[in-house]
Amino acid sequence: MLLSYLNLKYPSLKFSPQISRAIDYIRTHLSEPLTISLLCKHCCMSRANFFRAFKRATGLSPVTFINLERIKRAAELIMQGYHTLADVCYQVGFSSVSYFIRTFKKYVGMTPQQYRAFVAAELWRL
(Lines give C-alpha, C1' and ligand atoms only; values in the text may rest on other atoms or scores of the structure.)
Protein backbone atom coordinates (compact mmCIF):
# COMPACT_ATOMS: atom_id res chain seq x y z
CA MET A 1 0.00 0.00 0.00
CA LEU A 2 2.12 2.87 -1.18
CA LEU A 3 0.29 5.96 -0.48
CA SER A 4 -1.23 8.32 -2.98
CA TYR A 5 -0.15 11.39 -1.04
CA LEU A 6 3.49 10.36 -1.26
CA ASN A 7 3.21 10.27 -5.06
CA LEU A 8 1.19 13.46 -5.31
CA LYS A 9 0.92 15.11 -8.71
CA TYR A 10 -0.30 18.67 -8.80
CA PRO A 11 -3.13 19.58 -11.18
CA SER A 12 -1.36 22.58 -12.66
CA LEU A 13 1.98 21.87 -14.27
CA LYS A 14 2.74 25.54 -14.78
CA PHE A 15 2.61 27.68 -11.67
CA SER A 16 2.62 31.45 -11.59
CA PRO A 17 6.01 32.94 -10.65
CA GLN A 18 4.73 33.83 -7.17
CA ILE A 19 3.39 30.34 -6.47
CA SER A 20 6.55 28.74 -7.86
CA ARG A 21 8.54 30.98 -5.52
CA ALA A 22 6.36 29.91 -2.59
CA ILE A 23 6.69 26.21 -3.43
CA ASP A 24 10.47 26.50 -3.79
CA TYR A 25 10.65 28.37 -0.49
CA ILE A 26 8.55 25.74 1.27
CA ARG A 27 10.65 22.88 -0.06
CA THR A 28 13.96 24.50 0.87
CA HIS A 29 12.85 25.63 4.33
CA LEU A 30 10.83 22.61 5.51
CA SER A 31 12.75 22.31 8.76
CA GLU A 32 11.96 25.91 9.71
CA PRO A 33 8.69 27.36 10.99
CA LEU A 34 6.60 28.25 7.94
CA THR A 35 3.72 30.65 8.35
CA ILE A 36 1.21 31.88 5.82
CA SER A 37 2.22 35.46 6.63
CA LEU A 38 5.83 34.66 5.79
CA LEU A 39 4.85 33.04 2.49
CA CYS A 40 2.58 35.97 1.60
CA LYS A 41 5.44 38.41 2.20
CA HIS A 42 7.82 36.22 0.23
CA CYS A 43 5.37 36.25 -2.72
CA CYS A 44 4.30 39.90 -2.33
CA MET A 45 0.65 38.86 -2.18
CA SER A 46 -2.22 39.50 0.17
CA ARG A 47 -3.36 36.57 2.31
CA ALA A 48 -6.62 36.13 0.38
CA ASN A 49 -4.93 36.31 -3.04
CA PHE A 50 -2.19 33.93 -1.92
CA PHE A 51 -4.69 31.33 -0.67
CA ARG A 52 -6.77 31.59 -3.84
CA ALA A 53 -3.79 31.40 -6.21
CA PHE A 54 -2.14 28.57 -4.28
CA LYS A 55 -5.32 26.49 -4.19
CA ARG A 56 -5.93 27.10 -7.90
CA ALA A 57 -2.37 26.06 -8.81
CA THR A 58 -1.94 23.01 -6.56
CA GLY A 59 -5.45 21.95 -5.64
CA LEU A 60 -4.41 22.18 -1.98
CA SER A 61 -4.40 24.78 0.73
CA PRO A 62 -0.92 26.08 1.63
CA VAL A 63 -1.08 24.40 5.07
CA THR A 64 -2.02 21.04 3.55
CA PHE A 65 0.75 21.41 0.97
CA ILE A 66 3.32 22.18 3.68
CA ASN A 67 2.21 19.19 5.75
CA LEU A 68 2.33 16.89 2.72
CA GLU A 69 5.82 18.06 1.78
CA ARG A 70 6.94 17.46 5.36
CA ILE A 71 5.37 14.02 5.42
CA LYS A 72 6.95 13.07 2.07
CA ARG A 73 10.37 14.14 3.37
CA ALA A 74 9.73 12.28 6.65
CA ALA A 75 8.86 9.11 4.70
CA GLU A 76 12.18 9.40 2.83
CA LEU A 77 14.09 9.77 6.09
CA ILE A 78 12.22 6.88 7.71
CA MET A 79 13.05 4.65 4.72
CA GLN A 80 16.74 5.35 5.30
CA GLY A 81 16.26 3.53 8.59
CA TYR A 82 18.90 5.12 10.77
CA HIS A 83 17.04 8.17 12.07
CA THR A 84 14.97 8.10 15.25
CA LEU A 85 11.38 9.24 14.84
CA ALA A 86 12.10 12.28 17.02
CA ASP A 87 15.02 13.20 14.74
CA VAL A 88 12.79 12.84 11.68
CA CYS A 89 10.07 14.90 13.33
CA TYR A 90 12.36 17.86 13.99
CA GLN A 91 14.28 17.58 10.71
CA VAL A 92 11.08 18.06 8.72
CA GLY A 93 9.85 21.00 10.76
CA PHE A 94 7.36 19.60 13.25
CA SER A 95 7.75 20.98 16.75
CA SER A 96 5.90 18.13 18.49
CA VAL A 97 6.42 14.40 18.06
CA SER A 98 2.78 13.65 18.90
CA TYR A 99 1.56 16.14 16.26
CA PHE A 100 4.01 14.63 13.76
CA ILE A 101 2.69 11.12 14.44
CA ARG A 102 -0.96 12.25 14.12
CA THR A 103 -0.26 14.13 10.90
CA PHE A 104 1.76 11.25 9.42
CA LYS A 105 -1.05 8.82 10.20
CA LYS A 106 -3.64 11.20 8.72
CA TYR A 107 -1.89 11.35 5.34
CA VAL A 108 -0.17 7.97 5.14
CA GLY A 109 -2.70 5.77 6.91
CA MET A 110 -0.24 4.38 9.44
CA THR A 111 2.04 5.72 12.14
CA PRO A 112 5.69 6.42 11.33
CA GLN A 113 6.70 3.31 13.31
CA GLN A 114 4.24 1.16 11.35
CA TYR A 115 5.52 2.73 8.13
CA ARG A 116 9.10 1.88 9.09
CA ALA A 117 8.08 -1.75 9.74
CA PHE A 118 6.12 -1.82 6.46
CA VAL A 119 9.12 -0.55 4.49
CA ALA A 120 11.45 -3.03 6.19
CA ALA A 121 9.07 -5.90 5.39
CA GLU A 122 8.83 -4.77 1.75
CA LEU A 123 12.62 -4.65 1.47
CA TRP A 124 12.89 -8.19 2.84
CA ARG A 125 10.51 -9.41 0.13
CA LEU A 126 12.81 -8.15 -2.63
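Our structure is the block above this text.
One structure accompanies this document, and this report is about it.

Reading the values: the criteria
- Residues numbered from 1 in each chain as written.
- Predicted model: local features only at pLDDT ≥ 70, side-chain atom pairs only at ≥ 80, totals over all residues.
- Heavy atoms only, no water.
- Helix = DSSP H or I, 4+ residues; strand = E, 2+ residues; numbered from the N terminus.
- Buried < 20%, exposed > 50% of the residue type's maximum accessible area, 1.4 Å probe, protein only.
- Contact = heavy atoms within 4.5 Å.
- Polar contact = N/O pair within 3.5 Å; in protein donor to acceptor, adjacent residues only side chain to side chain.
- Expected span 1.5 Å × (residues − 1).
- Arc of directions from axis to C-beta.
- Core = buried A, V, L, I, M, F, W, Y, C linked by side-chain atoms within 4.5 Å.
- Salt bridge = Lys/Arg side-chain N within 4 Å of Asp/Glu carboxyl O.

**Considering the overall build of the protein**
Point 1. Summing up its helical and strand segments, the protein has seven helices and zero strands in all.
Point 2. If you list the helices and strands of the protein from N to C, you get α-α-α-α-α-α-α.
Point 3. For the protein, with 126 residues in total, the buried portion stands at 41%.
Point 4. Considering only contacts within the protein whose residues lie at least 6 apart along the sequence, 57% involve residues at least 24 apart.

**Description of the side chain of K72**
Point 1. Assignment of secondary structure puts K72 in helix α4 (residues 62-80).
Point 2. Reaching out from K72, the side chain makes a polar contact with the side chain of E69 at a distance of 3.1 Å.

**Observations regarding helix α3 (residues 47-58)**
Point 1. With twelve residues, α3 extends 16 Å from end C-alpha to end C-alpha; this agrees with the ideal 16 Å at 1.5 Å per step.
Point 2. Along α3, the residues that are buried comprise F50, A53, F54, A57 and T58. Buried residues of α3, viewed axially, fall in a sector of 105°; they line one side.
Point 3. Where α3 is buried, its residues touch α1 (17-28), α2 (36-43) and α4.
Point 4. Residue G59 follows α3 closely and has a positive phi angle near 80°.

**Here we look at α2**
Point 1. For α2, the full list of buried residues reads I36, L39, C40 and C43. Each buried residue of α2 sits inside an arc of 100° when the element is viewed along its axis, so together they form one side.
Point 2. Each element contacted by the buried residues of α2 is listed here: α1, α3 and α4.
Point 3. Of the residues one or two after α2, C44 is the one with positive phi, at around 55°.

**Brief notes about the nonpolar core**
General note: in soluble globular proteins, nonpolar side chains tend to be found buried as a group.
Point 1. The biggest cluster of nonpolar side chains holds 37 residues, and the ones touching the most others in it are I26, F50, F54, F100, F104 and Y115.
Point 2. Where this core is concerned, the elements lending two or more residues are α1, α2, α3, α4, α5 (85-91), α6 (97-108) and α7 (112-125).
Point 3. Sorting elements by how many residues they give to this core places α4 first, with eight residues.
Point 4. In this view, F54 contacts I19, A22, I23, I26, G59, L60, S61, P62 and F65; residues no more than four positions away in its chain are not counted.

**Brief notes about the environment of Q80**
Point 1. Mapped onto the elements, Q80 comes out in helix α4.
Point 2. Residues Q80 and R116, spaced 36 residues apart in sequence, show a C-alpha to C-alpha distance of 9.2 Å.
Point 3. Of note is the side chain of Q80, whose polar atom sits 3.2 Å from the side chain of Y82.

**Some words on the pattern of salt bridges**
Point 1. Using the criterion set out here, one finds three salt bridges in the structure.
Point 2. R73 is paired through a salt bridge with E76; the nearest N and O atoms lie 3.0 Å apart. Here the residue R73 and the residue E76 both occupy positions in helix α4, the gap between them amounting to three residues, near one helical turn.
Point 3. Given a relative accessible area of 33%, R73 falls into the partly exposed group.
Point 4. Among the charged side chains, a salt-bridge network with shared partners connects R27, E69 and K72.

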